[in-house]
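# Close look at the chain arrangement
Okay, here's what each chain looks like letter by letter:
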Amino acid sequence: QGEFVESGGGLVQPGGSLRLSCSASGIIFSIYNMGWYRQAPGKQRELVASITSGRNINYADSVKGRFTISRDNAKYTVYLQMNSLKPEDTAVYYCKGNYGGGIDSWGKGTLVTVSS
């Protein structure tokens, strides 16, 4: 099922940018469908963006036009570029991988705080 490690979170002011990375190991990364999810305090985990092995991309309405998901199969990494950040984007961001509808594999998350 592999291992996924997120990085790139931190504190940023409203309107700022961050780029999250999720590095994978122990899998054939190129065949995995990948996604970024987030969970804010007191809320359920929600999908932010996803990218399939065929590079089909989907975004939550709340981040369309501001966030960009991409993947580098050679580096076993999926990225989330986040621009024009808002306080409501504050959450723990998780990376998820899945192949063939099997068991989901999750990273441990990275905290993004948007505050002045």
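Details of the structure are given in the entry above.
Residues numbered from 1 in each chain as written. Predicted model: local features only at pLDDT ≥ 70, side-chain atom pairs only at ≥ 80, totals over all residues. Heavy atoms only, no water.

Here we take up the packing of aromatic side chains. Counted under the stated rule, the structure contains five aromatic pairs. Ring geometry for Tyr-32 and Tyr-99: centres 5.9 Å apart, planes at 25°, overall stacked. In this pair, Tyr-32 is assigned in the loop between β3 (18-25) and β4 (33-39) and Tyr-99 in the loop between β9 (91-98) and β10 (105-106), connecting sequence segments 67 residues apart. Taken together, the aromatic side chains of Phe-4, Tyr-32 and Tyr-99 make up a single cluster linked through ring pairs. Over the aromatic face of Tyr-94 sits the side chain of Arg-45, whose NZ or CZ is 3.7 Å from the ring centroid. We note Arg-71 situated over the ring of Phe-29; from NZ or CZ to the ring centre the distance is 4.6 Å. (Phe/Tyr/Trp six-rings, centres within 6.5 Å; stacked < 30°, edge-to-face > 60°. Helix = DSSP H or I, 4+ residues; strand = E, 2+ residues; numbered from the N terminus. Lys NZ or Arg CZ within 6 Å of the ring centre and 35° of its normal.)

Right, let's talk about the pairing of strand β7 (residues 67-72) for a bit. Only one face of β7 is covered, namely the one carrying Phe-67, Ile-69 and Arg-71; the face carrying Thr-68, Ser-70 and Asp-72 has none of its residues buried. Here six bridges tie β7 to strand β8 (residues 77-82), and the two strands are oriented antiparallel to one another. Paired with Asp-72 across the bridge in β8 is Thr-77. Hairpin connection, β7 to β8: the antiparallel pair is bridged by four residues, and Tyr-76 has positive phi, about 55°. (Buried < 20%, exposed > 50% of the residue type's maximum accessible area, 1.4 Å probe, protein only. Pairing = 2+ DSSP bridges.)

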